[in-house]
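# Commentary on secondary and tertiary structure
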Amino acid sequence: MKSMIPFLAAMLPVASGAQSQPGAASGVPSVAIPKTTAVLVIQTPKQGVTAQQVMAVIPSEIRATVKLYLDGKIREWYSRGDGKGVVFLVDAKTEDEARTIMETLPLAKEQLMEDQYIPVGPLMPLRALLGPAAQQ
């Protein structure tokens, strides 16, 4: 088991590149694309939007976000460490499904935010821990 950790650590850059680029260049080991289990949504205010504009909507935004969390639509939510927005982990199987959820929020309805959607799933190189039979 200990010998697998360096292997997995070495594979992470390859795996992340292969996951984000389905048509990875030849010579790079093929890595299965994971099934999307959630969508990471990164929100930042649109250029020209002031803090005052955002803060005017924040009370209703918080209530709506809490409701989505309690309904199981948002798994996790964070402030960005650089103070430039928020990050959500949305319980969605597709980018479109996550977009539909996020568009219900007041800041989206006011068109104040830019959203970046990143589908995520299991770290596929971990299959190596299960042996050759599990890799198919």
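Here is a short report on the structure shown in this document. Only a predicted model underlies this, so the values are computations on that prediction, with no experimental measurement involved. Along each chain, residues carry numbers from 1 onward, in the same order as the chain's sequence is written. Note on the predicted model: pLDDT of at least 70 is required for a residue's local features to be given, and 80 or more for side-chain atom pairs to be given and counted; whole-chain, interface and lining totals, by contrast, use all residues. Side-chain metrics rest on all non-hydrogen atoms present in the structure, leaving aside hydrogens and water.

### Brief notes about the environment of tyrosine 78
Put simply, the rule reads: Numbered from the N terminus, helices here are DSSP runs of H or I no shorter than four residues, and strands are runs of E no shorter than two. When accessible area is computed with a 1.4 Å probe and restricted to protein chains, residues below 20% of their type maximum are described as buried, those above 50% as exposed, and intermediate ones as partly exposed. Between two residues, a contact is recorded if the distance between any of their heavy atoms is within 4.5 Å. For the purposes of these results, a polar contact is taken to be a pair of N or O atoms within 3.5 Å, where, inside protein, one atom must be able to donate a hydrogen and its partner to accept one; residues adjacent in sequence count only when each atom of the pair is a side-chain atom.
Take tyrosine 78: it is sitting in strand E2 (residues 74-79). With relative accessibility at 48%, the residue tyrosine 78 sits in the partly exposed group. Sequence spacing of tyrosine 78 and isoleucine 42 is 36 residues, and the spatial spacing of their C-alpha atoms is 9.6 Å. Setting aside chain neighbours within four positions, we find tyrosine 78 in contact with Val86 and Val87. Side chain to side chain, tyrosine 78 and glutamate 76 meet in a polar contact 2.3 Å long.

### Focus on the pairing of strand E1 (residues 38-45)
In plain terms, the rule: Each pair of strands is called paired provided DSSP finds at least two bridges between the two strands.
Bridge count between E1 and strand E4 (residues 113-120): eight bridges; the pairing is antiparallel. Each residue of the ladder has a partner; that of valine 41, found in E4, is tyrosine 117. Taken together, the five bridges between E1 and strand E3 (residues 86-90) define a ladder with antiparallel strand orientation. Its bridge partner lying in E3, glutamine 43 is registered against valine 86.

### So, the pattern of salt bridges
Under the convention used in this document: The term salt bridge refers to a side-chain nitrogen of Lys or Arg lying within 4 Å of a carboxyl oxygen of Asp or Glu.
As enumerated under the stated definition, the model contains four salt bridges in all. Put simply, aspartate 71 and lysine 67 hold a salt bridge, and the shortest N to O gap is 2.8 Å. Take aspartate 71: its relative accessible area is 46%, and that puts it in the partly exposed class. The partner of glutamate 95 in a salt bridge is arginine 99, with the nearest N and O atoms 3.0 Å apart. You can see glutamate 95 and its partner arginine 99 sitting in helix H3 (residues 95-102), four residues apart, about one turn around the helix. Exposure remark for glutamate 95: the relative accessible area of 32% places this residue in the partly exposed category. Among the residues examined, arginine 99 registers a relative accessible area of 29% and is labelled partly exposed.

### Examining the nonpolar core
What counts, and what does not: Within this scheme, the nonpolar core is defined by two criteria: the residues are buried Ala, Val, Leu, Ile, Met, Phe, Trp, Tyr or Cys, and they are joined through side-chain atoms within 4.5 Å.
Ranked by size, the top nonpolar core spans twelve residues in total: Val39, Val41, Leu68, Ile74, Phe88, Val90, Ala92, Ala98, Ile101, Met102, Leu105 and Tyr117. When contributions to this core are tallied by element, the ones reaching two or more residues are E1, E3 and H3. Among the elements that take part in this core, H3 stands out by supplying three residues, more than any other. If sequence neighbours within four positions are ignored, valine 39 has contacts with Phe88, Leu89, Val90, Ala92, Thr94, Glu95, Ala98, Tyr117, Ile118, Pro119 and Val120.

Worth remembering: the numbers are spatial, not functional.
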